[in-house]
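As a plain string of letters, each chain reads:
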Amino acid sequence: MLLDHAGTPVRTGRAAVNGTNLHYRTAGSGPAVVLLHGVPKTGYHWRHLVPKLTPHHTVVVPDLRGLGDSARPSEGYDSVTMSDDIAELMAHLGHETYAVVGEDWGAVIGYQLAARHRGHVTALVFAEALFPGFGFEDHTALTAENVSSGMHLWHLGFYFQPDVPEMLIAGHERELITYMIKSERSHPDSATPDAVEEYVRCYSRPGGIRAMLSIYRAMLVDAEQNRQAAQQKLDIPVLALGGSAFIGDRNESQMRLMADDVTGHVFDAGHDLAEEVPDEMADVTLPFLAEHLAAAR
């Protein structure tokens, strides 16, 4: 359960948007911020950050298309379509302008949201993600450098193969999810039992693994979408956050290809900042949002 700063459970709802149905949570008041999770997580990933934001912001926490308790349609897992899901959700909830905080695949989707809906997104926090089309694919290579740096992303090629991953993962969702989220963290104990249970519950549901794999299988489409979007740089402020043991300062260097006004920060952490170092992430994110959302009003 997600709680706000007063310890009150957040409100939950569902919305029919962009040809699918999204589950979302919302709480707080003030300028709106939407939080976009990555894989293999759900909106529950933000449970530590939400109560730090709700004294100052209206927070919207969707489960992305196909993930969490959202519907699992057969298609639409490219980052453009998934960003349009969120744009329609925010319009449905009455938010004309808002900031975006994304991590992992949610950061890539958040970038597309900012690029495609420039009149609505006022600021972007981009955490721990690699862009398809801008070097993500390079980390699938079996090289000494990738292996020694912990950035050999072996699972991308495996996930891309149709049918075989579903066959091998079925019945072993817990083992896969536990391994993935613990192996990518400097602080593996931050993958608490409640979080593991929630992620396993959602990804073990019918279509859960298929939807997750569909996001990876859209990477070649994403790459072209990102190259197209990058032809016009973002003119909003961007905060690029990294974990020193994973993507690190490459978050900032990538975003400088995509936006003009980029600030970077690297934490002593791995891949999942909002669960590993939530206090430190809030200490950097809150002043950024306060400055730029106030300027945008």
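From a predicted model like this one, the values you see are computed outputs, not experimental measurements.

## Comments concerning the nonpolar core
The biggest cluster of nonpolar side chains holds 97 residues, and the ones touching the most others in it are Y111, M212, L234 and M255. With eight residues, the top contributor of residues to this core is helix α3 (residues 105-116).

## Some thoughts on the UniProt feature "domain: AB hydrolase-1" (unreviewed entry) in the protein
The sites that UniProt annotates as "domain: AB hydrolase-1" (unreviewed entry) are residues 31-131. Between the end C-alpha atoms of residues 31-131 the distance is 28 Å, and the span holds 30% helix and 23% strand.

## A word on the layout of surface pockets
By volume, the largest pocket amounts to about 190 Å³. Taken together, 14 residues make up the lining of the largest pocket; nearest its centre are G150, H152, S183, E184 and F246. Looking at the lining of the largest pocket element by element, the count peaks at three residues for helix α7 (residues 173-183). When its residues are assigned to classes, the lining of the largest pocket shows six nonpolar, six polar and two charged.

## As for the sheet that holds strand β8 (residues 259-267)
Ordered in space as β1-β2-β4-β3-β5-β6-β7-β8, the eight strands form an open sheet in which the pairing is mixed. At either margin of the open sheet sits one strand with a lone partner, and together these are β1 (11-17) and β8. Shown here is a sheet whose adjacent strand axes are inclined to one another by a mean of 20 degrees, direction ignored. Summarising the sheet, strand β3 (residues 32-36) and strand β4 (residues 58-62) pair through three bridges and their orientation is parallel. Within β4, the residue paired with A32 across the bridge is T58.

## What about a nonpolar patch on the surface?
On the surface, V164, M167 and L168 cluster together into a nonpolar patch covering about 280 Å² of accessible area. By the secondary structure assignment, M167 is in helix α6 (residues 164-169).

## Regarding the packing of aromatic side chains
Two aromatic rings are characterised by how far apart their centres lie and by the angle between their planes. Evaluation of the coordinates by the stated rule reveals eight aromatic pairs. With centroids separated by 5.6 Å and ring planes inclined at 85 degrees, the aromatic side chains of W105 and Y216 adopt a geometry described as edge-to-face. Placement of W105 in helix α3 and of Y216 in helix α9 (residues 208-217) is noted, with a sequence separation of 111 residues between them. Judged by relative accessible area, W105 falls into the buried class, the value being 3%. Taken together, W105, F136, W154, F158, Y159 and Y216 form an aromatic cluster joined through their ring pairs.

## Things to note about unusual backbone geometry
With an omega of 0 degrees, the peptide bond between V39 and P40 qualifies as cis. The backbone phi angle of N18 is positive, close to 50 degrees, even though this residue is not glycine. Along the chain, N18 turns up in the loop between β1 and β2 (20-28). The class for N18 is partly exposed, based on a relative accessible area of 27%.

## Looking at the side chain of S83
Tracing the chain through its elements places S83 in helix α2 (residues 79-92). Beyond its immediate stretch of four places on either side in the chain, S83 contacts I109, Q112, L113 and R116.

## Re the packing of α2 against α3
Direction vectors running N to C along α2 and α3 enclose 70 degrees, while the axes themselves pass 8 Å from each other. Relative to α3, α2 is oriented roughly perpendicular. By crossing handedness, the relation of α2 to α3 is classed as right-handed. For the pair α2 and α3, contact is made by S79, V80, M82, S83, D84, I86 and A87 and by V108, I109, Q112, L113 and R116, respectively. Split by residue class, the contact of α2 with α3 holds seven nonpolar, three polar and two charged.

Thresholds applied
- Residues numbered from 1 in each chain as written.
- Predicted model: local features only at pLDDT ≥ 70, side-chain atom pairs only at ≥ 80, totals over all residues.
- Heavy atoms only, no water.
- Core = buried A, V, L, I, M, F, W, Y, C linked by side-chain atoms within 4.5 Å.
- Buried < 20%, exposed > 50% of the residue type's maximum accessible area, 1.4 Å probe, protein only.
- Helix = DSSP H or I, 4+ residues; strand = E, 2+ residues; numbered from the N terminus.
- UniProt positions renumbered as here; feature names shortened; annotations may be inferred.
- 1 Å grid on protein atoms, 1.4 Å probe; cavity = no way out; pocket = protein on both sides within 12 Å on 5 of 7 lines; lining within 4 Å.
- Points joined across faces, edges and corners; volume = space filled by probe spheres on them.
- Nonpolar A, V, L, I, M, F, W, Y, C, P; charged D, E, K, R; others polar.
- Pairing = 2+ DSSP bridges.
- Axes fitted to C-alpha atoms, helices over the stretch in contact; angles between N-to-C directions.
- Patch = residues over 30% accessible without salt bridge, like charges linked within 9 Å, V, L, I, M, F, W, Y side chains within 5 Å.
- Areas by Shrake-Rupley, 256 points an atom, 1.4 Å probe, with all protein chains shown as cover.
- Salt bridge = Lys/Arg side-chain N within 4 Å of Asp/Glu carboxyl O.
- Phe/Tyr/Trp six-rings, centres within 6.5 Å; stacked < 30°, edge-to-face > 60°.
- Contact = heavy atoms within 4.5 Å.
- Parallel < 35°, antiparallel > 145°, perpendicular 65-115°, else oblique.
- Left-handed = near helix turned anticlockwise from the far one by under 90°.

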